[in-house]
Amino acid sequence: MFNYKKYSEIRDFLKKNTESCQIIAISKNHPLESVLEAVNFGVRVFGENRVMEAKNKFYNLKNQNHDIRLHLTGPLQSNKVKTALQLFDVFHTLDREKIANEFSKHSNQVKNKEIFIQVNTGEENSKSGIYPKQVAEFVNYCVKDISLNIIGLMCIPPIEDDPKIHFNFLKKLAVENNLKKLSIGMSSDYEQAIKFNPTYIRLGTILFGNRN
């Protein structure tokens, strides 16, 4: 069930305390019925982690509601890039050259997409993402060599760390690389993320409840 009250509270808070931050309602592992509740309430920005699950839920829904914007917030496999480009508007998890090159093979489709590079700010072996020391080179490659529309950086802080340290670090990396947008903050740490003026916060559990 979609939590209309909490969505409204956070949306109103963002309007008062940020420049233009949007909520991505993360609907992964939640049924179509919950998504429809959110759509009927007026939500138009959703996030999914898996391409095929998103296709099953959103293919028809996006054809019926042309103002819905769908964000990929989970890892992308190279063999799913073509399908993903047909469905998603924004990508938050570009994390390696192989995927960047796969994007570049579909120049007509990818030119209208917005892409965030995922940075592994904690340099954790268990997480995806470009290591901080590689960000400048990777941004340069994506933008100048293969003409991807890189708009910003994304991170998921290590669970045991103070997230503000990583959000601040990511913002500095973005400034250094002439990128203006940040995708930071989830249900557990969005209040800390807001202090760094993100473009998007990614909220799942707080809006849809625990995942199935």
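Check the entry above for the structure.
Nothing here was measured: the structure is a model prediction, and the numbers come from that model.

## Things to note about the overall build of the chain
Right, so step 1: Within the chain, the regular secondary structure consists of 10 helices and eight strands.
Right, so step 2: For the chain, the residues scored as buried account for 52% of the 212 residues in total.
Right, so step 3: In the chain, once contacts between residues fewer than 6 apart in sequence are set aside, the share between residues at least 24 apart is 59%.
Right, so step 4: Working note: accessible area of the chain is about 10700 Å², and carbon and sulfur atoms make up 45% of it.

## Examining the side chain of Q118
Right, so step 1: Position of Q118 among the secondary structure elements: in strand β5 (residues 114–118).
Right, so step 2: When residues no more than four places from it in sequence are discounted, the contact partners of Q118 are H92, T93, L94, D95, S128, G129, I130, M154 and I156.

## A word on the environment of I194
Right, so step 1: Within the secondary structure layout, I194 lies in the loop between α9 (190–193) and β8 (200–203).
Right, so step 2: Residue I194 is classed as buried on the basis of its relative accessible area, which comes to 7%.
Right, so step 3: Taking C-alpha positions, I194 is 7.0 Å from T18, a pair spaced 176 residues apart along the chain.
Right, so step 4: Once residues lying within four places of it in the same chain are set aside, the contact partners of I194 are F13, L14, N17 and T18.

## Some remarks on the pairing of strand β3 (residues 69–72)
Side-chain direction in a regular strand flips from residue to residue, so the side chains alternate between the two faces of the sheet.
Right, so step 1: Of the strand pairs in this sheet, strand β2 (residues 45–48) and β3 are connected by four bridges, and their pairing is parallel. Its bridge partner lying in β3, E48 is registered against L72.
Right, so step 2: Tracing the backbone out of β2, into helix α3 (residues 51–64) and back to the parallel element β3 gives a crossover that is right-handed.
Right, so step 3: Taking the sense of rotation as the criterion, the β-α-β connection linking β3, helix α4 (residues 81–87) and strand β4 (residues 90–94) turns out right-handed.

## Some thoughts on helix α2 (residues 32–41)
Side chains of residues three or four places apart in an α-helix project in the same direction, reflecting 3.6 residues per turn.
Right, so step 1: Of all the residues in α2, the buried ones are S34, V35, A38 and V39. Taken end-on, α2 shows its buried residues confined to a sector of 140°, consistent with a single buried face. Those residues of α2 that are exposed and angled more than 90 degrees off the buried face are E33 and N40.
Right, so step 2: Buried-residue contacts for α2 involve β2, α3 and α10 (205–208).

## Overview of helix α7 (residues 135–145)
Right, so step 1: Of the positions making up α7, those classed as buried are V135, F138, V139, Y141 and C142. Along the long axis of α7, the arc covered by the buried residues comes to 160°, so they all point the same way. Residues E137, K144 and D145 are exposed on α7 and point more than 90 degrees away from its buried face.
Right, so step 2: Each element contacted by the buried residues of α7 is listed here: β4, α5 (97–104), β5, β6 (150–154) and α8 (163–176).

## Some thoughts on unusual backbone geometry
Right, so step 1: Phi is positive for E123, which is not a glycine, with a value near 50°.
Right, so step 2: Among the structural elements, E123 can be located in the loop between β5 and α7.
Right, so step 3: At S147, a position not held by glycine, the phi torsion is positive, near 60°.
Right, so step 4: Along the chain, S147 falls in the loop between α7 and β6.
Right, so step 5: For S147, a relative accessible area of 58% puts it in the exposed group.

## Describing the side chain of N49
Right, so step 1: Along the chain, N49 turns up in the loop between β2 and α3.
Right, so step 2: Of the polar contacts made by the side chain of N49, one reaches the side chain of T73; its length is 2.7 Å.
Right, so step 3: Among all residues touching N49, those that are not within four sequence positions of it are K28, L72, T73, G74 and P75.

So, how was this worked out
- Chains are numbered independently. Their residues run from 1 in the order of the written sequence.
- The predicted origin of the model limits local features to residues at a pLDDT of at least 70 and limits the giving and counting of side-chain atom pairs to 80 or more, whereas totals for whole chains, interfaces and linings rest on all residues.
- Water and hydrogen atoms were dropped before computing side-chain values, which therefore reflect all heavy atoms in the structure.
- We count a stretch as a helix when DSSP gives it H or I for four or more residues in a row; a strand needs E for two or more, and each element gets its number in order from the N terminus.
- Relative accessibility under 20% of the residue-type maximum defines a buried residue, over 50% an exposed one, and the middle range a partly exposed one, all with a 1.4 Å probe and only protein chains included.
- Residue contacts follow a heavy-atom distance rule, with two residues in contact if any of their heavy atoms lie within 4.5 Å.
- Only the protein chains shown count as cover for residues, with accessible areas throughout obtained via the Shrake-Rupley method and a probe of 1.4 Å.
- Strands are labelled as partners when DSSP assigns at least two bridges between them.
- By convention, orient the strands away from the viewer: a clockwise path from the first strand over the helix to the second makes the crossover right-handed.
- Taken from the helix axis, the directions to the C-beta atoms give the arc we talk about.
- Any pair of nitrogen or oxygen atoms within 3.5 Å is treated as a polar contact; in protein, a donor-acceptor pairing is required on top of that, and neighbouring residues in sequence qualify only through side-chain atoms on both sides.

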